[in-house]
Amino acid sequence: MRKTFITAILLVLAAFTARAQTQEPEMADALRANGKIYVVVTVLATIFAGIIIFLVRLDRKMTKIEKNN
Amino acid sequence: MRTWWWKILCILLVGYTVIAGFLIPVPRLDILNETIRNLYFHVPMWFTMIALFTASGIYAIKYLRSGRLQDDIYSAHYAITGIAFSVYGMLTGMEWAKFTWGEAWSNDPKQLGSAMCMLIYFAYLVLRNGLKDEEKRAKISAVYNIFAYALMIPLIFILPRMVDSLHPGNGGNPAFKQYDLDSNMRLVFYPAVTGWMLLGFWMATLRIRLHLYRFKKENSFAFENN
């Protein structure tokens, strides 16, 4: 009796989790599937590279000025 | 580039964040959806601000102990860079809130606390600009800096946790690490925090070096004239 009760509860829980899985929150799966996400990453990486080049050049210039002093 | 290894580490870590932050899978959550990736960018802004304000406070104490105007330059420019990061944190937070809480500004305790903290530090800049005498400016702003730091802690960490807040980690609302900062997100989040902090310090040291140079130049000029 007790065993059947536990299996019944487990079955109900399993049914619930199965339902929860079908209603998954919406994510940008299409963006990943067709690879367009790489476009976004490339754009961001380019901007970041630009900022870093700017910072490194400024840092170099500053070092030069400090050495001349 | 005096000591450059940490700058290279910074480039690697932030570069990794920008790339892996978008490519590594994240938990599927309601409301947040894909915006959970903002965690790698919004949260490190505040961590960097706190680190920079801490450095600023330490140099303020150092100035009060030593009386060296160089320490005041360190303190001031760490604070200025920290303020810049607080603005980034606030703007990114508002942009994120627009899509998850419904409004950019919902008078949330966390938003109000950080806004008050920002205003206190803005007043620090006003105070500095208002005083012409260098010694006086250094001394008064160092004392004010310590006061501002002591207020930042309760405004950002304590008060928002004592009332209901929408912000994760406050008012009965669990922080990310409790329910969804899974092992994949940690893989990006910790390098992100370290990388952004290093970037903040890099930006601050550039300002400091410029102003230390200017200070040295002005003082040597004064000596030559004497």
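The structure displayed is predicted, hence computed values, not measured ones.

Calculation rules
Residues numbered from 1 in each chain as written. Chains lettered and ligands numbered in written order. Predicted model: local features only at pLDDT ≥ 70, side-chain atom pairs only at ≥ 80, totals over all residues. Heavy atoms only, no water. Contact = heavy atoms within 4.5 Å. Buried area = accessible area lost by both parts, 1.4 Å probe. Salt bridge = Lys/Arg side-chain N within 4 Å of Asp/Glu carboxyl O. Polar contact = N/O pair within 3.5 Å; in protein donor to acceptor, adjacent residues only side chain to side chain. Helix = DSSP H or I, 4+ residues; strand = E, 2+ residues; numbered from the N terminus. Nonpolar A, V, L, I, M, F, W, Y, C, P; charged D, E, K, R; others polar. Patch = residues over 30% accessible without salt bridge, like charges linked within 9 Å, V, L, I, M, F, W, Y side chains within 5 Å. Areas by Shrake-Rupley, 256 points an atom, 1.4 Å probe, with all protein chains shown as cover. Lys, Arg positive; Asp, Glu negative; His and termini not counted. Charge placed at Lys NZ, Arg CZ, Asp CG, Glu CD. Buried < 20%, exposed > 50% of the residue type's maximum accessible area, 1.4 Å probe, protein only. Core = buried A, V, L, I, M, F, W, Y, C linked by side-chain atoms within 4.5 Å. Phe/Tyr/Trp six-rings, centres within 6.5 Å; stacked < 30°, edge-to-face > 60°.

Participant: Any details on the interface of chain A and chain B? Residues and values, ideally.
Facilitator: Counting from both sides, the interface comprises 24 residues of chain A and, opposite them, 27 residues of chain B. Carbon and sulfur atoms make up 67% of the area that chain A and chain B hide from each other, which totals about 2,500 Å². Its largest share of buried area at the contact with chain B, chain A owes to Met 27, Phe 48 and Asp 59 of chain A, together 24% of the area lost on that side. The interface formed by chain A and chain B contains 5 salt bridges. The partner of Arg 209 of chain B in a salt bridge is Asp 59 of chain A, and the shortest N-O contact between them spans 2.9 Å. Counting across the interface, chain A meets chain B through 10 residue pairs in polar contact (both at pLDDT 80 or more). When contributions to the side of chain A that touches chain B are tallied by element, the ones reaching two or more residues are helix 2 (29-33) and helix 3 (37-68) of chain A. For the side of chain A that touches chain B, the element with the highest residue contribution is helix 3 of chain A, accounting for 16 residues. Split by residue class, the side of chain A that touches chain B holds 15 nonpolar, 2 polar and 7 charged.

Participant: Before we move on, could you go through the side chain of Thr 63 of chain A and cite the residues and values that matter?
Facilitator: By the element assignment, Thr 63 of chain A lies in helix 3. A distance of 2.8 Å separates a polar atom in the side chain of Thr 63 of chain A from the backbone oxygen of Asp 59 of chain A.

Participant: Talk me through a negative patch on the surface; I want residue IDs and the actual numbers.
Facilitator: All names here are of chain B. A grouping of Asp 133, Glu 134, Glu 135 and Glu 218 is seen on the molecular surface, where their side chains present a negatively charged patch. By the secondary structure assignment, Glu 134 is in helix 5 (residues 134-162). Of the residues examined, Glu 134 reaches a relative accessible area of 34% and is grouped as partly exposed.

Participant: Can you lay out the nonpolar core for me, pointing to particular residues and giving the numbers?
Facilitator: Tyr 40, Met 49, Met 152 and Trp 202 of chain B are the most contacted members of the largest nonpolar core, which has 69 residues in total. Among the elements of the structure, helix 3 of chain A together with helix 1 (5-23), helix 2 (39-66), helix 3 (69-100), helix 4 (109-130), helix 5 and helix 7 (183-225) of chain B are those that each provide at least two residues to this core. If we skip the residues at most four places from it in the chain, Trp 202 of chain B touches Ile 52, Leu 55, Val 56 and Asp 59 of chain A together with Trp 6, Lys 7, Cys 10 and Ile 11 of chain B.

Participant: Describe the packing of aromatic side chains, listing the residues and the values that go with them.
Facilitator: All names here are of chain B. What the rule picks out here adds up to 13 aromatic pairs over all chains. Between Phe 47 and Phe 189, the aromatic rings sit 6.3 Å apart at their centres with planes inclined by 70 degrees, giving edge-to-face as the arrangement. Remark: Phe 189 occurs in helix 7 and Phe 47 occurs in helix 2; sequence separation between them is 142 residues. Since its relative accessible area comes to 33%, Phe 47 is described here as partly exposed. The rings of Phe 22, Tyr 40, Phe 41 and Trp 196 are connected pair by pair, giving a single aromatic cluster.

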